[in-house]
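# Geometric and topological summary
Spelled out from the first residue to the last, the chains are:
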Amino acid sequence: MSEVVTDSRWSTEQVLALAPDASSQKAGRGLATLQKWHDIGHDGGGEQPGGVWGLCKGSGSKPYQTCVDLAEPAYRCSCPSRKFPCKHALALLLLWADGKLTAGEPPEWVREWRDSRAARVERAKTRQENAGPADPAAAARTAKRRATRVTAGLDELDTWLADQVRAGLAGAGQHGYKHWDSMAARLVDAQAPAAASTVKRLAGVAVGQPADGLLTELALLRMLVAGHRRLDDLPPALAATVRQHVGYPISTEEVLATPATRDRWLVLGRQDEAADKLTVRRVWLHGRQTGRPALVLSFAAPGQALSADLVTGTVVDADLCFYPGGAALRALVSQQHGFTATPGTGEVSASTVAAALDGYAAALAADPWLDRWPMLLDEVVVTLADGQWHLIDAAGDALPLHSAAELWVLVALAGGRPVRVAAVWTPTGLQLMTAWLDGKMVAL
């Protein structure tokens, strides 16, 4: 386990941003009172990771043992909840954020948990070091078989795309989901899962957008097919991008073997959404020194917990290894060196709308299939123009909002003042994530 230097406590907003849902936030707040806890405390500081722990009275005869390792963060609670972090962990963190925990030595059960986690990490490292080299000949045969299946599936997709255009797109919204799902299932069988997901999403595009929006998506798929046919002739970065959007796998070991980029990464926010019976969590980062954006993905099946180790609003000193590709946006955290819980204003650099669009244009040139791009916008206000809500900066440049759902929170908090906002740009507009008001981060 890497040594992590922590700085200051998290804020209440940062703790609540970890909650898996609104009901967990409410339950955690309700338990965040010293009367419900005993044997609580925290340790660490300086160059030690630190953690918090406590016993909370539950419905049974034994209290729930709850502790949090602040360095990851990692959570442990003896309650039966499947939510992660559970309400007890949230309540304990809220008490810590409020300065109500006293420093002390952790009890034996906390030390045992920490030791077991450290042992698991060491065992995994040993297995990785002792793992024998893969059989290159077998790997080559497997890759060749997969390429043959993918090529056949994309050839079928090419014919299907031509049929859609030939039949006309005006009535595509009336086809029903089966029309799109059948082609998506064929691509899954052909081992092209990313292309399959794109086809599956076309049902929503056909219903919710004009015909030219659907035509654009079909054209991008046609370009993906053409790029795959010329895969060996493409520049390495573009070839990696095509393979990514088709759905060729790349192992974690391969990514972590690439050169790491160390920076102080500001955690802009996170987005959770359901996709193909999985919940996908996107955590967006912004490099303080490099100015580079990064996306850390995690997945969970129904009933499983999502990763909650990157806290919104913190600045993490870490090494990131990026997946290959033109835009090189997705990354894995290779090693954490430290984090700042409450970064100063200087840690949160933002840009104008024009500069943010320039960055997006450069990324789009490298990856034409890019459908999300993080933006950190400075001094923007909410305005209504032509029936559409926008964020407008001091230069008068504006970007439309994807949805008004988070808008009212921003309007209420800002009170008409210009604010700094982190959002994700999509083909349908900006998706708001967080805002900075009076030097504090607020999740939207």
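Here we summarise the structure given alongside this text. The structure displayed is predicted, hence computed values, not measured ones.

Once that is clear, we can look at the side chain of aspartate 319. Within the fold, aspartate 319 resides in strand β9 (residues 315–322). The side chain of aspartate 319 sits in the buried core without any salt bridge; arginine 262 is the nearest counter-charge, 4.5 Å away. Side chain to side chain, aspartate 319 and histidine 337 meet in a polar contact 2.9 Å long. Once residues within four sequence positions are removed from consideration, aspartate 319 is found in contact with Ala260, Thr261, Arg262, Leu332, Val333, Ser334, Gln335 and His337.

So, on to the packing of aromatic side chains. Applying the stated criterion to the full structure yields five aromatic pairs. Arranged with centres 5.4 Å apart and planes meeting at 75°, the rings of tryptophan 10 and tryptophan 96 form a pair that is edge-to-face. Of the two residues, tryptophan 10 sits in the loop between β1 (5–7) and α1 (12–17) while tryptophan 96 sits in helix α3 (residues 87–97), which places them 86 residues apart along the sequence. The two residues tryptophan 10 and tryptophan 96 agree in class, both being buried.

Helix-helix packing is described using two parameters, namely the angle between the two axes and the distance between the axes. At a minimum axis separation of 10 Å, helix α5 (residues 136–167) and helix α8 (residues 211–229) run at an interaxial angle of 150°. Judged by the sense of rotation from one axis to the other, the crossing of α5 with α8 is left-handed. Two secondary-structure elements touch here, α5 through Val150, Thr151, Leu154, Asp155, Leu157, Asp158, Trp160, Leu161, Gln164 and Val165 and α8 through Leu215, Leu218, Leu221, Arg222, Val225, His228 and Arg229. A breakdown of the residues in the contact of α5 with α8 according to their chemical character gives ten nonpolar, three polar and four charged.

In this section: the pattern of salt bridges. By the definition in use, this model includes 16 salt bridges. Notably, a salt bridge pairs arginine 229 with aspartate 158, separated by 2.9 Å at the nearest N-O pair. Within this pair, whereas arginine 229 is found in helix α8, its partner aspartate 158 is found in helix α5, the two being separated by 71 residues in sequence. You can call arginine 229 partly exposed: its relative accessible area is 46%. Each member of the salt-bridge network shares a partner with another, and the members are Asp155, Asp158, Arg222 and Arg229.

Moving on, we come to the environment of alanine 162. In this structure, alanine 162 sits in helix α5. In this structure, the C-alpha to C-alpha distance between alanine 162 and alanine 361, residues 199 residues apart in sequence, is 29 Å.

An α-helical turn contains 3.6 residues, so a residue and the one three or four places further along point in the same direction. In this model helix α11 (residues 353–366) runs 20 Å from its N-terminal to its C-terminal C-alpha over 14 residues, within 8% of the 20 Å that 1.5 Å per residue would give. For α11, the complete set of buried residues consists of Val353, Ala356, Tyr360 and Ala363. Relative to the axis of α11, the buried residues are bounded by an arc of 90° and lie together on one face. Among the exposed residues of α11, those oriented more than 90 degrees off its buried face are Asp358 and Ala365.

It is at 8 Å that the axes of helix α2 (residues 22–31) and α3 come closest, and there the two elements cross at 55°. It follows that α2 is oblique to α3 by the angle criterion. Handedness of the crossing formed by α2 with α3: right-handed. Residues Ser24, Gln25, Ala27, Gly28, Arg29 and Leu31 of α2 touch α3, and the partners they reach there are Lys87, His88, Leu90, Ala91 and Leu94.

All right, on to the pairing of strand β5 (residues 74–77) then. Two elements, strand β4 (residues 64–69) and β5, share four bridges in a ladder whose sense is antiparallel. Each bridged residue has a counterpart across the sheet, and for threonine 66 the counterpart in β5 is cysteine 77. With antiparallel pairing between neighbouring strands as the criterion, β4 and β5 make up a hairpin whose turn holds four residues.

Parameters and conventions
Residues numbered from 1 in each chain as written. Predicted model: local features only at pLDDT ≥ 70, side-chain atom pairs only at ≥ 80, totals over all residues. Heavy atoms only, no water. Helix = DSSP H or I, 4+ residues; strand = E, 2+ residues; numbered from the N terminus. Buried < 20%, exposed > 50% of the residue type's maximum accessible area, 1.4 Å probe, protein only. Lys, Arg positive; Asp, Glu negative; His and termini not counted. Salt bridge = Lys/Arg side-chain N within 4 Å of Asp/Glu carboxyl O. Polar contact = N/O pair within 3.5 Å; in protein donor to acceptor, adjacent residues only side chain to side chain. Contact = heavy atoms within 4.5 Å. Phe/Tyr/Trp six-rings, centres within 6.5 Å; stacked < 30°, edge-to-face > 60°. Axes fitted to C-alpha atoms, helices over the stretch in contact; angles between N-to-C directions. Left-handed = near helix turned anticlockwise from the far one by under 90°. Nonpolar A, V, L, I, M, F, W, Y, C, P; charged D, E, K, R; others polar. Expected span 1.5 Å × (residues − 1). Arc of directions from axis to C-beta. Parallel < 35°, antiparallel > 145°, perpendicular 65-115°, else oblique. Pairing = 2+ DSSP bridges.

Scope: geometric values only; no functional claims are made or implied.
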